[in-house]
Amino acid sequence: MTGTLHPLRHVLVACLSGSLVAAGANTINDFFDVEIDRRNKPYRPLPAGKVSRQSAWVQAIVLLALGSVLGAAIGILPLAVATSTAALLYLYSWRLKRTPLWGNLAVSLATALAFVYGGLAVGRPGAALIPACFAFLFHLGREIIKDVEDMEGDRLEGAVTLPIRYGPRSALRLATAVYGLVIAATLLPYLAGVYNRAYLVVVLVGVDTVVAYVVVQMWRRPEKLVLHRLSELLKADMFVGLLAIYLGR
């Protein structure tokens with residue numbers, strides 16, 4: 001179903017909507033993590049007492065609600081995607097992030113839905129499916145690595161994440177398998193003729209090589225600081241992946 005705005009405005013509304021949902025998700029995450037932040041990041045507004053927990057909760061709900069409702073200006077499906085994503089991110093902060101794998105899957109799915117949302121905004125949801133799948137797998141591997149990095153703090157908080165439940169080596173094995181899928185998946189759009197040779201060159205050099213480097217390094221030196229640096233490298237590498245898709249069309 002088409003919304004009431006011009007397609008160009010759809011894009012602007014989608015950007016605003018997504019930004020509001022992201023802001024609400026970050027706020028509600030801080031709300032639920034206030035006790036952890038009292039130890040690890042006492043300078044943040046909530047643990048520092050600059051903002052009350054009640055005020056933070058209200059702000060989060062308002063931001064999530066506004067971001068969701070704005071999707072209605074684009075169409076019924078965008079409204080459904082925005083609302084589902086907001087609900088999923090609330091559930092993540094409330095419960096899922098402290099459970100084995102479910103929290104990782106929730107964040108990865110929310111990231112993938114952002115691409116679907118953008119595709120719906122411009123009337124090309126099919127074109128968004130490939131980057132959405134890449135985003136899901138890429139973030140899933142990164143979230144697992146971050147869980148290994150954060151084991152100490154998560155254990156003190158009573159969280160039972162994947163590496164805490166099954167051990168860091170098992171978590172790293174799963175992350176390795178996920179990134180093996182990422183490398184294999186990046187080749188498929190070129191082999192299927194969806195993306196061109198420019199995509200292949202950029203993805204092989206700028207994405208797959210980096211992913212392979214991360215996998216090797218996380219096994220060689222699985223210390224907290226190293227894993228943090230690798231996680232940041234993966235975050236930066238997401239932009240290279242987007243560039244590859246842009247050039248490949």
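Reading guide: rules and limits
- Residues numbered from 1 in each chain as written.
- Predicted model: local features only at pLDDT ≥ 70, side-chain atom pairs only at ≥ 80, totals over all residues.
- Heavy atoms only, no water.
- Helix = DSSP H or I, 4+ residues; strand = E, 2+ residues; numbered from the N terminus.
- Rg over C-alpha atoms; globule rule 2.2 N^0.38 Å.
- Areas by Shrake-Rupley, 256 points an atom, 1.4 Å probe, with all protein chains shown as cover.
- Lys, Arg positive; Asp, Glu negative; His and termini not counted.
- Charge placed at Lys NZ, Arg CZ, Asp CG, Glu CD.
- Polar contact = N/O pair within 3.5 Å; in protein donor to acceptor, adjacent residues only side chain to side chain.
- Contact = heavy atoms within 4.5 Å.
- Expected span 1.5 Å × (residues − 1).
- Buried < 20%, exposed > 50% of the residue type's maximum accessible area, 1.4 Å probe, protein only.
- Arc of directions from axis to C-beta.
- Phe/Tyr/Trp six-rings, centres within 6.5 Å; stacked < 30°, edge-to-face > 60°.
- Lys NZ or Arg CZ within 6 Å of the ring centre and 35° of its normal.
- Salt bridge = Lys/Arg side-chain N within 4 Å of Asp/Glu carboxyl O.
- Patch = residues over 30% accessible without salt bridge, like charges linked within 9 Å, V, L, I, M, F, W, Y side chains within 5 Å.

Visitor: Where do I start with the overall build of the chain in this structure?
Guide: Along its length, the chain carries 11 helices and zero strands. When the elements of the chain are put in sequence order from the N terminus, they spell out α-α-α-α-α-α-α-α-α-α-α. Expected size for 249 residues packed as a compact globule is a radius of gyration near 18 Å; at 19 Å, the chain falls within 12% of this value. Carbon and sulfur atoms form 68% of the exposed surface of the chain, whose accessible area is close to 13,000 Å². The positive charge centre, built from 24 side chains, and the negative charge centre, built from 15, are 4 Å apart in the chain.

Visitor: Got a minute to help me understand the side chain of Asp33 in this structure?
Guide: With respect to the helices and strands, Asp33 occurs in the loop between helix H1 (7-32) and helix H2 (34-40). Within the structure, the side chain of Asp33 is placed 2.8 Å from the side chain of Arg98, a separation counted as a polar contact. With residues near it in sequence (within four places) discarded, Asp33 still touches Lys97 and Arg98.

Visitor: How do you make sense of helix H3 (residues 53-70) when you look at a structure like this?
Guide: For the α-helix, the turn length of 3.6 residues means that residues three or four positions removed from each other point alike. Here H3 is 18 residues long and its end C-alpha atoms lie 26 Å apart, about the 26 Å a rise of 1.5 Å per residue gives. Among the residues of H3, Ala56, Ala60, Leu64, Gly67 and Ser68 are the ones counted as buried. Across the axial projection of H3, the buried residues extend over an arc of 100 degrees, all falling on one side. Those residues of H3 that are exposed and aimed more than 90 degrees away from the buried face are Gln54 and Val69. Looking at the packing, one finds that the buried side of H3 touches H1, helix H4 (76-94) and helix H5 (102-121).

Visitor: Honestly, the packing of aromatic side chains in this entry has me stumped. Any pointers?
Guide: Given two aromatic rings, their pairing is described by the distance between the two centres and the angle made by the two planes. Considering all chains together, one arrives at four aromatic pairs under this definition. Here the aromatic residues Phe31, Phe32 and Tyr90 are joined through ring pairs into a cluster of three or more. If you follow Arg53 out to its NZ or CZ, it ends over the ring of Phe31, 4.1 Å from the centre.

Visitor: How should the pattern of salt bridges be read in this particular structure?
Guide: Any two side chains of opposite charge can pair, so long as their charged atoms come close to each other. Here the structure, examined in full by the defined rule, presents seven salt bridges. A salt bridge links Glu232 to Lys235, with the shortest nitrogen-to-oxygen separation between them at 3.7 Å. Highlighted residues: Glu232 and Lys235, both in helix H11 (residues 224-248), separated by three residues, approximately one helical turn. Taking the relative accessible area as the measure of exposure, Glu232 reaches 35% and is therefore partly exposed.

Visitor: Explain the side chain of Ser231 here, please?
Guide: Examined against the element boundaries, Ser231 turns out to sit in helix H11. With sequence-adjacent residues up to four places away left out, Ser231 is seen in contact with Arg142, Lys146 and Glu149.

Visitor: Could you clarify how one ought to interpret a nonpolar patch on the surface in this entry?
Guide: Taken together, Leu187, Leu188, Leu191, Val201, Leu204 and Val205 make up a surface patch of nonpolar side chains, about 560 Å² in accessible area. Contributing elements (two or more residues each) for the nonpolar patch: helix H9 (168-191) and helix H10 (197-220). In this structure, Leu188 sits in helix H9. Overall, Leu188 belongs to the exposed group, its relative accessible area being 53%.

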